[in-house]
Amino acid sequence: MQRLKGIFMVVTVMLVALALPSACMAQADDDAFTVVIDPGHGGKDTGCIGRKAKEKDITLAVAKRLGDKITKKYGDKVRVVYTRKTDKYLTLQQRADVANGEQGDLFISIHVNSVDKKNRKRASLSGTSVYTCGLHKTKNNLEVAMMENSVIELEPDYEQVYQEFDPQSDESYIIFEMSQDLHIKQSLQFASLAQKRLVKTAGRVDKEVRQAGFWVLWATSMPSVLVELDFICNPTQEKFLASTSGQDKCAQALFEAFRDYYGK
Ligand SMILES: [Zn+2]
């Protein structure tokens with residue numbers, strides 16, 4: 001019963017949050033397709049850290065390159081919106097508010113992966129995965145969502161804001177089983193295009209399209225994916241992710257996926 005009450009409260013909070021008008025509501029051009037690019041982490045939230053590189057810097061660099069490529073190709077036909085363009089801290093809900101307020105047609109959240117320091121394989125792990133929101137099929141997928149959702153804990157009043165949603169508790173993730181995702185078909189379509197291009201164009205090992213309960217995907221009311229480019233805990237992949245050419249390859253792969261998805 002306690003668990004059901006918790007779930008009810010989480011769902012209620014989410015519905016209220018989604019219904020709130022965003023402060024950054026903009027007048028959208030009716031004809032323009034709006035792509036919202038979300039560079040993961042920022043400011044005091046560094047994300048995963050390699051030997052030198054930080055996730056927040058890699059995600060911002062790839063996001064900007066992706067946005068530039070889309071604008072260069074499509075001009076006014078596609079509106080590119082960033083959740084952040086500088087090294088700025090944003091909560092997950094603020095990212096979703098930007099996307100919903102701008103009436104995005106597609107939301108791409110960019111991240112890099114890592115595993116716990118206790119994991120003996122951490123230096124040799126590699127590969128790319130594009131996630132859509134859903135119930136995880138494996139413990140590994142749940143762990144990735146837990147890691148990304150744990151940034152909630154940086155918010156001073158997160159227990160009030162997110163009510164019963166505890167990013168570290170398995171039980172919290174039952175909400176993702178109960179949810180109905182109206183955009184799952186398009187999310188999966190973009191995810192598989194992005195997965196294919198990240199392997200082919202950016203030369204990443206294929207760790208397949210996956211599902212897990214990412215809060216930021218849940219809170220955006222449009223087709224949405226979260227990209228884990230590669231593992232920063234692997235020094236070889238860290239070097240690739242931190243390099244200009246590596247970042248450009250990742251951005252080019254995501255651009256090609258966008259081109260395939262947009263279809264014009
Ligand atoms: Zn991340």
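One structure accompanies this document, and this report is about it. Residue positions are given per chain, counting from 1 as you read along its sequence in written order. Residue-level local features of this predicted model are given only where pLDDT is at least 70; pairs of side-chain atoms are given and counted only at 80 or more, and the full residue set underlies all totals for whole chains, interfaces and linings. Side-chain metrics rest on all non-hydrogen atoms present in the structure, leaving aside hydrogens and water.

## Regarding the coordination of the zinc ion
Between any two of four tetrahedral donors, the ideal angle at the metal is 109.5 degrees; between two of six octahedral donors, it is 90 or 180 degrees. Note on donors: an N, O or S atom is included if it sits within 2.8 Å of the metal, or within 3.2 Å for Na, K and Ca, and water is never included, so sites can look incomplete. Donor atoms from the polypeptide that bind the zinc ion are His41 (NE2), Glu55 (OE), His111 (ND1), Glu148 (OE) and Glu148 (OE), placed at 2.0 to 2.5 Å. Spacing between the donor residues of the zinc ion along their common chain follows H-x13-E-x55-H-x36-E. One end of the pair, histidine 111, is in strand β3 (residues 106–113); the other, glutamate 148, is in helix α4 (residues 139–149), with 37 residues separating them in the sequence. Only protein chains enter the area calculation, which uses a 1.4 Å probe; residues under 20% of their type maximum are buried, those over 50% are exposed, and those in between are partly exposed. Overall, histidine 111 belongs to the buried group, its relative accessible area being 6%. Counting from the N terminus, the helices are the DSSP runs of H or I reaching at least four residues and the strands are the DSSP runs of E reaching at least two.

## Quick look at the pattern of salt bridges
Salt bridge, as used here: a side-chain nitrogen of Lys or Arg that lies within 4 Å of a carboxyl oxygen of Asp or Glu. In total, this model carries 9 salt bridges according to the counting rule given. Arginine 65 is the partner of aspartate 248 in a salt bridge, and the nearest nitrogen-oxygen pair spans 3.1 Å. Taken together, the positions of aspartate 248 in helix α10 (residues 244–262) and arginine 65 in helix α2 (residues 55–74) put the pair 183 residues apart, joining distant regions of the chain. Aspartate 248 sits in the partly exposed class, given a relative accessible area of 26%. The residue aspartate 260 makes a salt bridge to arginine 197 at a minimum N-O spacing of 2.9 Å. Of this pair, aspartate 260 sits in helix α10 while arginine 197 sits in helix α7 (residues 184–200), placing them 63 residues apart in sequence. Salt bridges sharing partners connect three or more residues here, namely Arg65, Lys69 and Asp248.

## Quick look at α2
Helical periodicity: at 3.6 residues per turn, an α-helix aligns residues three or four positions apart in one direction. The end-to-end C-alpha distance of α2, which contains 20 residues, comes to 28 Å, matching closely the 28 Å that a straight helix rising 1.5 Å per residue would cover. Within α2, burial applies to Glu55, Lys56, Ile58, Thr59, Leu60, Val62, Ala63, Leu66, Gly67, Lys69, Ile70 and Tyr74. At the C-terminal side of α2, glycine 75 shows a positive phi close to 55 degrees. For a helix, the expected span equals 1.5 Å multiplied by the residue count minus one.

## A look at the side chain of serine 109
Mapped onto the fold, serine 109 is located in strand β3. Residue class for serine 109 comes out buried when judged on its relative accessible area of 0%. Nitrogen and oxygen atoms within 3.5 Å of one another constitute a polar contact, given that in protein one can donate a hydrogen and the other can accept it, and given that sequence-neighbouring residues count only through two side-chain atoms. At 2.7 Å, the side chain of serine 109 forms a polar contact with the side chain of aspartate 38. Polar side-chain contacts of serine 109 include one of 3.0 Å to the side chain of histidine 111.

## Examining a positive patch on the surface
Two joining distances apply to patches: 9 Å for like charges and 5 Å for nonpolar side chains (Val, Leu, Ile, Met, Phe, Trp, Tyr), and every residue must have over 30% relative accessible area and no salt bridge. For the area figures, the Shrake-Rupley method with a 1.4 Å probe applies, and any residue is considered shielded solely by the protein chains shown. Neither His nor the chain ends is counted toward charge; the positive residues are Lys and Arg and the negative residues Asp and Glu. Charged side chains are reduced to one point each, which is NZ for Lys, CZ for Arg, CG for Asp and CD for Glu. Among the surface-exposed residues, Lys73, Lys77, Arg259 and Lys264 lie close enough to one another that they form a single positively charged patch. Residue placement: arginine 259 occurs in helix α10.

## Looking at the sheet that holds strand β4 (residues 129–133)
Across the sheet, 6 strands lie side by side as β2-β1-β3-β6-β4-β5; this open sheet has mixed pairing. Single-partner strands in this sheet number two, and they are β2 (78–82) and β5 (210–212). Recorded for the sheet is a direction-independent mean angle of 30 degrees between the axes of neighbouring strands. Summarising the sheet, β4 and strand β6 (residues 224–231) pair through 3 bridges and their orientation is antiparallel. Counterpart to valine 130 in the pairing with β6 is valine 227. Contacting β1 (33–39), β2, β3 and β6, α2 runs over the sheet at an angle of about 145 degrees to β3. We call two residues in contact whenever any of their non-hydrogen atoms come within 4.5 Å of each other. Each axis is a line fitted through C-alpha atoms, taken for helices only over the stretch in contact, and angles between the N-to-C directions span 0 to 180 degrees. Contacting β3, β4, β5 and β6, α7 crosses the sheet at an angle of about 175 degrees to β4. Note on pairing: two strands pair once DSSP finds at least 2 bridges between them.

## Description of the state of the cysteines
By definition, disulfides here are pairs of cysteine sulfur atoms that lie within 2.5 Å. Summed over all chains, the structure comprises 0 disulfides. Summary of cysteine pairing: cysteine 48 is not part of a disulfide, and the nearest cysteine sulfur, belonging to cysteine 233, is at 7.8 Å. Looking at cysteine 48, the relative accessible area reads 11%, which means it is buried.

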